[in-house]
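Chain by chain, the residues:
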Amino acid sequence: MPDETAFAAPGMTARPAAAPVPGNPPAFFAYTSIGSSARWAEELLLYAVGAGLRDESEQRGGSDANTIRVLTEVIPKLAAGAGDDTFGLVLRELDARLDEARKVRAIDEAQQWRYVRARACPRCGCYALKILLDAAARPTGHIECFGHDEYGAPCRAAWASLADIVPDLARADALTG
């Protein structure tokens, strides 16, 4: 039952404080954290280049257009005048927010990998074979080696399926576990 003592428009009841966020909460929080981090990065860079505080006429809202403008125009211009440490801090912050967004199941742009157990890479001999997983964490069949050869160079050999590596393997479900 909603709290009718809380403030609401006449004739309406207030939404309770513990009401769930409408829509997809992880996607919503990923979206808002990117916008928030963009504004934080802008303020940090303004401080780093010695700009003073903005007055009311220079304030921007949180619309998508303003967020895109901050990310594509304002931050690159300000980054040119910032030091390497500040620039690195901004890059790490924005990259962390993008990684969070990619991992949200509704967005699903992050590649997820799982080790293939007890199988050595035919090319370099290491045990760093990984299989690509789909959004439901099921094996897709695509396999890559994340190991290194004897000279220290990344192997990155790839195969379309485990059957290409081990011809006598009859079932792909041997990968699960």
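In this text the structure is predicted, and so the values were computed from the model without any measurement. (Residues numbered from 1 in each chain as written. Predicted model: local features only at pLDDT ≥ 70, side-chain atom pairs only at ≥ 80, totals over all residues. Heavy atoms only, no water.)

Asker: Please clarify how the packing of aromatic side chains should be interpreted in this entry.
Answerer: For any pair of aromatic rings, the description rests on two quantities: the centre-to-centre distance and the angle between the ring planes. Overall, the coordinates contain 2 aromatic pairs when judged by the stated rule. Plain terms: the ring middles of Phe28 and Phe29 are 5.4 Å apart, the flat faces sit at 65° to each other, and that makes the pair edge-to-face. Between Trp113 and Phe146, the ring centres sit 5.1 Å apart and the planes meet at 70°, which makes this aromatic pair edge-to-face. Residue Trp113 is located in strand E1 (residues 112-115), and its partner Phe146 is located in the loop between strand E3 (139-145) and strand E4 (158-159); the two are separated by 33 residues in the primary sequence. Of the residues examined, Trp113 reaches a relative accessible area of 23% and is grouped as partly exposed. Positioned above the aromatic ring of Phe146 is the side chain of Lys130, whose terminal nitrogen or guanidinium carbon lies 4.7 Å from the ring centre. In this structure, Arg156 is placed above the aromatic ring of Phe146, and the distance from its NZ or CZ to the ring centre is 4.3 Å. (Phe/Tyr/Trp six-rings, centres within 6.5 Å; stacked < 30°, edge-to-face > 60°. Helix = DSSP H or I, 4+ residues; strand = E, 2+ residues; numbered from the N terminus. Buried < 20%, exposed > 50% of the residue type's maximum accessible area, 1.4 Å probe, protein only. Lys NZ or Arg CZ within 6 Å of the ring centre and 35° of its normal.)

Asker: Where do I start with the side chain of Glu144 in this structure?
Answerer: Mapping Glu144 onto the fold places it in strand E3. Judged by its relative accessible area of 14%, Glu144 is buried. If near-sequence neighbours (up to four positions away) are discounted, Glu144 is found in contact with Trp113, Ala128, Leu129, Lys130, Arg156, Ala157 and Ala158. (Contact = heavy atoms within 4.5 Å.)

Asker: Just checking my understanding: could you explain the pattern of salt bridges for this structure?
Answerer: Two side chains that carry opposite charge are able to pair once their charged atoms sit near each other. Under the counting rule described, the total for this entry stands at 5 salt bridges. Between Arg97 and Glu100 there is a salt bridge, with the nearest N and O atoms lying 2.8 Å from each other. Of this pair, Arg97 and Glu100 both sit in helix H3 (residues 84-103), 3 residues apart, which is roughly one turn of that helix. The partly exposed category is assigned to Glu100, whose relative accessible area is 39%. With its nearest N and O atoms 2.9 Å apart, the salt bridge here joins Asp99 to Arg102. One end of the pair is Asp99 and the other is Arg102, both in helix H3 and 3 residues apart, which spans about a single turn. Take Asp99: its relative accessible area is 31%, and that puts it in the partly exposed class. Here Arg102 falls in the partly exposed class, since its relative accessible area comes to 31%. Within the structure, one salt-bridge network assembled from shared partners comprises Glu93, Arg97 and Glu100. (Salt bridge = Lys/Arg side-chain N within 4 Å of Asp/Glu carboxyl O.)

Asker: I'm lost on unusual backbone geometry in this one. Help?
Answerer: Phi is mostly negative for residues that are not glycine, and the peptide bonds are mostly trans. At Ala118, a position not held by glycine, the phi torsion is positive, near 60°. With respect to the helices and strands, Ala118 occurs in the loop between E1 and strand E2 (129-133). Residues other than glycine seldom take positive phi values, yet Arg156 does so here, at roughly 50°. Tracing the backbone through its elements, the reader meets Arg156 in the loop between E3 and E4. Judged by its relative accessible area of 43%, Arg156 is partly exposed.

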